[in-house]
Amino acid sequence: MNLTLHVWRQAGPNAPGKLEQYDAKNVSPDQSFLEMLDEVNEQLIKAGKDPIAFDHDCREGICGMCSQVINGVPHGGQERTTVCQLHMRRFSDGDTIYIEPWRALAFPIQKDLIVDRGAMEKIMQAGGYTSCHTGGVADGNALLVPKPDADYAMDAAECIGCGACVAACPNGSAMLYTSAKVAQLAALPQGKAEAAERVCNMTEAMQAAGFGNCSNHYECQAACPKGINVKFIAKLNREYQKALFK
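Report on the accompanying structure. (Residues numbered from 1 in each chain as written. Predicted model: local features only at pLDDT ≥ 70, side-chain atom pairs only at ≥ 80, totals over all residues. Heavy atoms only, no water.)

Okay, helix 1 (residues 33-46) next. In a regular helix each residue adds 1.5 Å, so 14 residues correspond to 20 Å; helix 1 covers 20 Å between its end C-alpha atoms and thus fits that length. Looking at the buried positions of helix 1, the neighbouring elements they touch are strand 1 (3-10), strand 2 (17-24), strand 3 (69-70) and strand 5 (96-100). Within two residues after helix 1, G48 carries a phi angle of roughly 75°, on the positive side. (Helix = DSSP H or I, 4+ residues; strand = E, 2+ residues; numbered from the N terminus. Expected span 1.5 Å × (residues − 1). Contact = heavy atoms within 4.5 Å.)

Shown next as structure tokens:
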């Protein structure tokens with residue numbers, strides 16, 4: 001396939017940015033989207049030009065580092081698929097593809113398609129953990145967890161923290177991400193002791209980081225590569241209300 005790419009180029013956080021056009025020629029339908037960009041970068045390097053900067057790590061759909069908005073949709077729009085697992089067979093010869101970074105106030109652009117997602121780490125640092133003794137490790141079966149609670153917690157734990165929910169939300173909200181982390185621990189015995197403190201601290205950190213509020217667009221669930229359900233936002237709201245009474 002021969003494709004026309006319009007890629008967001010920005011030299012640095014304070015530099016002006018713009019879309020630049022590139023030609024991707026002889027693209028195999030079996031390539032991943034990132035492999036296609038690798039070949040485009042090889043041609044740019046051979047021509048003595050600055051390659052397109054983009055994040056990537058595992059390239060197995062696990063880490064979510066490959067954060068790109070493709071034709072207006074985070075991760076490209078294929079259900080439960082990250083950019084690295086998006087294959088070129090989803091496109092057709094002659095297509096025009098627009099590639100941009102995450103767009104959110106809390107995600108400042110560093111260069112080209114790379115954004116700083118440190119704001120999400122601040123939310124995790126505020127309470128996305130359980131305190132424990134570091135002495136003898138308890139046996140795995142010492143704390144009995146009902147299977148429905150374990151399944152619920154595992155569904156929430158699927159969140160990989162890629163930020164697609166924030167990029168998809170018209171308000172730049174991190175409610176789906178935060179709610180998944182809160183709900184995961186709130187459902188388990190190990191997390192109940194600090195549940196009230198956790199939800200308050202993580203919610204305050206989310207607001208302080210510059211994320212917007214949830215207004216029930218559900219774009220977050222649609223864009224999530226792991227299919228995290230908005231039911232966890234309802235859980236977050238319930239946990240927060242309980243914490244206020246405490």
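Let us look at the layout of surface pockets. Its volume calculated, the largest pocket comes out at about 300 Å³. Broken down by class, the residue content of the lining of the largest pocket amounts to 7 nonpolar, 8 polar and 1 charged. Forming the boundary of the second largest pocket are Y22, D23, A24, K25, V27, M36, E39, V40, E42, Q43 and L44. Elements with a contribution of two residues or more to the lining of the second largest pocket: strand 2 and helix 1. For the lining of the second largest pocket, the residue count by class is 6 nonpolar, 1 polar and 4 charged. (1 Å grid on protein atoms, 1.4 Å probe; cavity = no way out; pocket = protein on both sides within 12 Å on 5 of 7 lines; lining within 4 Å. Points joined across faces, edges and corners; volume = space filled by probe spheres on them. Nonpolar A, V, L, I, M, F, W, Y, C, P; charged D, E, K, R; others polar.)

Core analysis: the largest hydrophobic core is formed by 63 residues, its most contacted members being L5, F33, M36, I97, F107 and F211. Setting aside chain neighbours within four positions, we find L5 in contact with E20, Q21, Y22, A24, M36, L37, V40, I97 and I99. (Core = buried A, V, L, I, M, F, W, Y, C linked by side-chain atoms within 4.5 Å. Buried < 20%, exposed > 50% of the residue type's maximum accessible area, 1.4 Å probe, protein only.)

This next bit is on empty space enclosed by the protein. Under the counting rule described, the total for this entry stands at 1 cavity of 30 Å³ or more. There is about 100 Å³ of room inside the largest cavity. Elements that contribute at least two residues to the lining of the largest cavity include exactly helix 4 (164-168) and helix 5 (175-186). Across the lining of the largest cavity, the residue classes break down as 11 nonpolar, 2 polar and 1 charged.

In terms of residue burial, strand 1 counts as a mostly covered element, since 7 of its 8 residues are buried. From the end of strand 1 to the start of strand 2, which pair antiparallel, there are 6 residues. Across 4 bridges, the pairing between strand 1 and strand 5 is parallel. Paired with L5 across the strands is I97, a residue of strand 5. (Pairing = 2+ DSSP bridges.)

Okay, the side chain of Q31 next. Here Q31 lies in the loop between strand 2 and helix 1. For Q31, a relative accessible area of 11% gives the class buried. Side-chain polar atoms of Q31 contact the side chain of E39, separated by 2.9 Å. For Q31, the residues in contact, after removing those within four places along its chain, are M36, E39, L86, H87 and M88. (Polar contact = N/O pair within 3.5 Å; in protein donor to acceptor, adjacent residues only side chain to side chain.)

Attention now goes to the sheet that holds strand 5. The sheet built from 5 strands is open, its strands ordered 2-1-5-3-4 with mixed pairing. Both edges of this open sheet fall to strand 2 and strand 4 (73-74), since each of them pairs with a single strand only. The sheet contact formed by strand 3 and strand 5 spans 2 bridges and is antiparallel. Note that in strand 5 the partner of V69 across the bridge is E100.

Moving on to the packing of helix 2 (residues 118-127) against helix 5. Where helix 2 contacts helix 5, the two axes come as close as 10 Å, and the packing angle between them is 25°. Taken together, helix 2 and helix 5 sit at an angle that is classed as roughly parallel. Judged by the sense of rotation from one axis to the other, the crossing of helix 2 with helix 5 is right-handed. Counting all contacts with helix 2, which are made through M120, I123, M124 and G127, the residues of helix 5 involved are Y177, T178, K181 and L185. Taken together, the residues of the contact of helix 2 with helix 5 sort by class into 5 nonpolar, 2 polar and 1 charged. (Axes fitted to C-alpha atoms, helices over the stretch in contact; angles between N-to-C directions. Parallel < 35°, antiparallel > 145°, perpendicular 65-115°, else oblique. Left-handed = near helix turned anticlockwise from the far one by under 90°.)

It is the contact of helix 3 (residues 147-157) with helix 5, at a shortest axis distance of 8 Å, that shows an interaxial angle of 155°. Put simply, helix 3 runs roughly antiparallel to helix 5. When you trace helix 3 past helix 5, the crossing you get is left-handed. Packed against helix 3, whose contacting residues are Y152, A153, A156 and A157, the element helix 5 presents A180, A183 and Q184 at the interface.

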